[in-house]
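# Analysis of the macromolecular model
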Amino acid sequence: DLQEQALVSTPTGFPARMDYTPVPSPFLGVLLQSIDDLAELKCALRIFWHLHGKKGVLRCVTVQELLEDPVVAAALGEGGAPVAEGLQRVLVRLEERGVFLVAPRGLGGDRGVFLNTPQNRERVGAVGGVEAPVPTSVGTMGAPASGPDRRANIFQLYEENIGLLTPLIAEELKEAEATYPETWVREAFQEAVRSNKRSWRYIARILERWAQEGKEDGEPGRRPKEIGAKEYIRRYGLGRRA
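Residues numbered from 1 in each chain as written. Predicted model: local features only at pLDDT ≥ 70, side-chain atom pairs only at ≥ 80, totals over all residues. Heavy atoms only, no water.

## A few points about the pattern of salt bridges
Opposite charge on two side chains lets them pair, provided their charged atoms get close. The final tally for this structure, using the stated rule, is 9 salt bridges. One salt bridge in this structure joins lysine 54 and glutamate 65, with 2.9 Å as the shortest N-O distance. Of this pair, lysine 54 sits in the loop between helix H3 (38–52) and strand E1 (61–62) while glutamate 65 sits in helix H4 (residues 63–67), and the two are 11 residues apart along the sequence. Residue classification places lysine 54 among the buried positions, given a relative accessible area of 1%. One salt bridge connects lysine 174 with glutamate 171, and the closest N-O pair in it is separated by 3.5 Å. On the criterion of helical spacing, the pair formed by lysine 174 and glutamate 171 is a turn pair, its members being 3 residues apart in helix H9 (residues 167–179). By relative accessible area, glutamate 171 is classed as partly exposed at 47%. (Salt bridge = Lys/Arg side-chain N within 4 Å of Asp/Glu carboxyl O. Helix = DSSP H or I, 4+ residues; strand = E, 2+ residues; numbered from the N terminus. Buried < 20%, exposed > 50% of the residue type's maximum accessible area, 1.4 Å probe, protein only.)

Here it is, written out as structure tokens:
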């Protein structure tokens, strides 16, 4: 990638426009202090990057994907060391630390690596595999973060701006995603962040208000009284999905 090459060759810093990968705050505390293996740290950060590139609520990166990743290979293959053995060692350590879950069955029957959250433990812990279909990756294996279109869905917006998902919140997000236009959802999140009101309840109230009173976006202005909220969304919202 040209941006990555530029950072390597010149000390100009990062570009003005770029993608960001969220890392759980607990990882940057005591866990980061306890990691003294550079390869383990590099692999953990790369796994976060891969998981961020997945769609849906339940995100998984397979062991095979990691083996094919040039960043992982470079981190684990120094001095000609076998990459597969190094990856196995690193995954065991990260699972022991409680960072990731490694399930026997992931995408395509291969072992899958999941972020260790209550929701993921429910899905993979009891059966040792994936109960629900696991979403596929956005873009191609090993592609840089700035390459593929990584437009966040409602679940990514929540995790990046509010916090970790719970099963109850996930159901409410699904309902909102099916009800409101994508542009409304994004703008509601933006308004909540600007107001420093980082909660789903606040965002949901914004969306409900726009549906009931009309959205002041210049098109069509406030909702006419003779048009119900659902019809208003259908006419002026869903027709303008980005």
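## Focus: the pairing of strand E2 (residues 100–103)
Burial of the side chains of E2 extends over both faces: Phe100 and Val102 are buried on one face and Leu101 and Ala103 on the other. Here E2 pairs with strand E3 (residues 112–115) via 4 bridges, running antiparallel. Paired with valine 102 across the strands is valine 113, a residue of E3. (Pairing = 2+ DSSP bridges.)

## Examining the packing of H3 against helix H6 (residues 83–96)
Packing of H3 against H6 brings their axes to within 10 Å, and their N-to-C directions diverge by 75 degrees. Put simply, H3 runs roughly perpendicular to H6. Mapping the contact onto sequence places Glu40, Cys43, Ala44 and Ile47 in H3 and Val90, Leu91, Arg93 and Leu94 in H6. Taken together, the residues of the contact of H3 with H6 sort by class into 6 nonpolar, no polar and 2 charged. (Axes fitted to C-alpha atoms, helices over the stretch in contact; angles between N-to-C directions. Parallel < 35°, antiparallel > 145°, perpendicular 65-115°, else oblique. Contact = heavy atoms within 4.5 Å. Nonpolar A, V, L, I, M, F, W, Y, C, P; charged D, E, K, R; others polar.)

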